[in-house]
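An overview of the molecular structure
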Amino acid sequence: MSQVILKHVRDFLPDHVFDCGQAFRWQREEDGSYTGIVGGRIANIRFDQQEENTGEGQLVLSNVSESEFSEFWKHYLDLDRDYREIQNVLAQEDPVMKAAIAFGRGIRILRQDPWETLISFLISQNNHIPRIRKCIETLCECFGKPAGTYRGRAFYSFPEPEALSELTAEDLAVCRLGYREQYLVKAARKVLEDGPRRLRGMSDPEISGEEAFSYITEFCGVGPKVANCILLFSLGKYDRFPVDVWVKKVMKNYYGLETPKEIAAFAKKKFGRYGGFAQQYLFYYIRESEQE
DNA sequence: TTCCAGGTACCCC
DNA sequence: GGGGTACATGGA
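Analysis parameters
Residues numbered from 1 in each chain as written. Chains lettered and ligands numbered in written order. Predicted model: local features only at pLDDT ≥ 70, side-chain atom pairs only at ≥ 80, totals over all residues. Heavy atoms only, no water. UniProt positions renumbered as here; feature names shortened; annotations may be inferred. 1 Å grid on protein atoms, 1.4 Å probe; cavity = no way out; pocket = protein on both sides within 12 Å on 5 of 7 lines; lining within 4 Å. Points joined across faces, edges and corners; volume = space filled by probe spheres on them. Helix = DSSP H or I, 4+ residues; strand = E, 2+ residues; numbered from the N terminus. Nonpolar A, V, L, I, M, F, W, Y, C, P; charged D, E, K, R; others polar. Domains from an automatic or database assignment. Near = heavy atom within 4 Å. Polar contact = N/O pair within 3.5 Å; in protein donor to acceptor, adjacent residues only side chain to side chain.

Chain A carries the name DNA-(apurinic or apyrimidinic site) lyase in an unreviewed UniProt entry, which gives Zhenpiania hominis as its organism. As stated in UniProt under Sequence similarities (unreviewed entry), the record for chain A gives "Belongs to the type-1 OGG1 family." Quoted verbatim from the Catalytic activity (unreviewed entry) field of the UniProt record, the comment on chain A reads "2'-deoxyribonucleotide-(2'-deoxyribose 5'-phosphate)-2'-deoxyribonucleotide-DNA = a 3'-end 2'-deoxyribonucleotide-(2,3-dehydro-2,3-deoxyribose 5'-phosphate)-DNA + a 5'-end 5'-phospho-2'-deoxyribonucleoside-DNA + H(+)".

1. Re the layout of surface pockets
Approximately 690 Å³ is the volume found for the largest pocket. Lining the largest pocket are 36 residues, with Q112, D113, P114, W115 and R200 sitting closest to its centre. Broken down by secondary-structure element, the contributors of at least two residues to the lining of the largest pocket are β3 (34–38), α2 (66–76), α5 (114–124), α7 (161–165), α10 (196–201) and α12 (224–234). Grouping the amino acids of the lining of the largest pocket by side-chain chemistry returns 18 nonpolar, nine polar and nine charged. A domain split of the lining of the largest pocket shows at least three residues from each of domain 1 (3–80) and domain 3 (114–234).

2. What about the protein's contact with DNA strand C?
Around DNA strand C, the surrounding shell consists of N126, H128, R131, K134, R176, G178, Y179, R180 and K261. Counted by atom, the contact set of DNA strand C within 4 Å of the protein is 70% sugar and phosphate. For DNA strand C, a phosphate oxygen lies 3.1 Å from a polar atom in the side chain of R176. Take Y179: an N or O atom from its main chain is 3.0 Å from a sugar or linking oxygen of DNA strand C. Residue classes in the surface near DNA strand C are distributed as one nonpolar, three polar and five charged.

Below, the structure written as structure tokens:
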């Protein structure tokens, strides 16, 4: 079994990275590692903390070759980014962020595939996280391709636009998507009509967050919240600040902000280009602290 | 049973 | 442009 070991890794805790609501296909193993499939590649990821003070440790990627790591996983896991720097800037003169970061310091924003993120967050609306995961797994089992087995389990790739574009309501009924099922088929058709490169191209740094936002919200079923998640989690627009029920709650409880307008203005002013990271720390903070 | 979830489309004014 | 409401589903 191929394996890649990275020493002296900081700010990477699998529980924080894979269970902070940004990705839905990583499964926690009994040993605390996570197994997932991304772009048809199956990997298991573990972190062994070695230094108490700095939180430094080694990251172990199993079922991953050196070339797969350097060509794919390194980028996906955002390993080149200095999260300590981001934390320092955000925590400055903000006791709330300071607490949130202390709580979720191992968070990283994964660089996910735009198509998969679009579909996943279409499913996420007005839905519970465990159900979102279930819907997505069924979708992959039924319409993705077999990608092999790991630890005795079969894995399936995320279905391509072509596979979803021709499905009927009857085909999709097994996924229990409810009223969201039409959004998936429409999205698949739009991606094919526009050319798949159009969506992917939104990750170009030359394209502003506003421009990408206006394109992504053309998809039926994509409003401001879902659009900002797609921008943040798959298109590299790190200043976006998605506001959902949890973020609303944290902004009201800790900052006294009520309306979406107030929240957006505050996030822009206070968190700026690191808005997306701030949002992830706050989301994880409020959600974990309320899940008794 | 009723409430709720990483909200949005649609309608009304 | 703001303010309601329906929407499928299943877990708590």
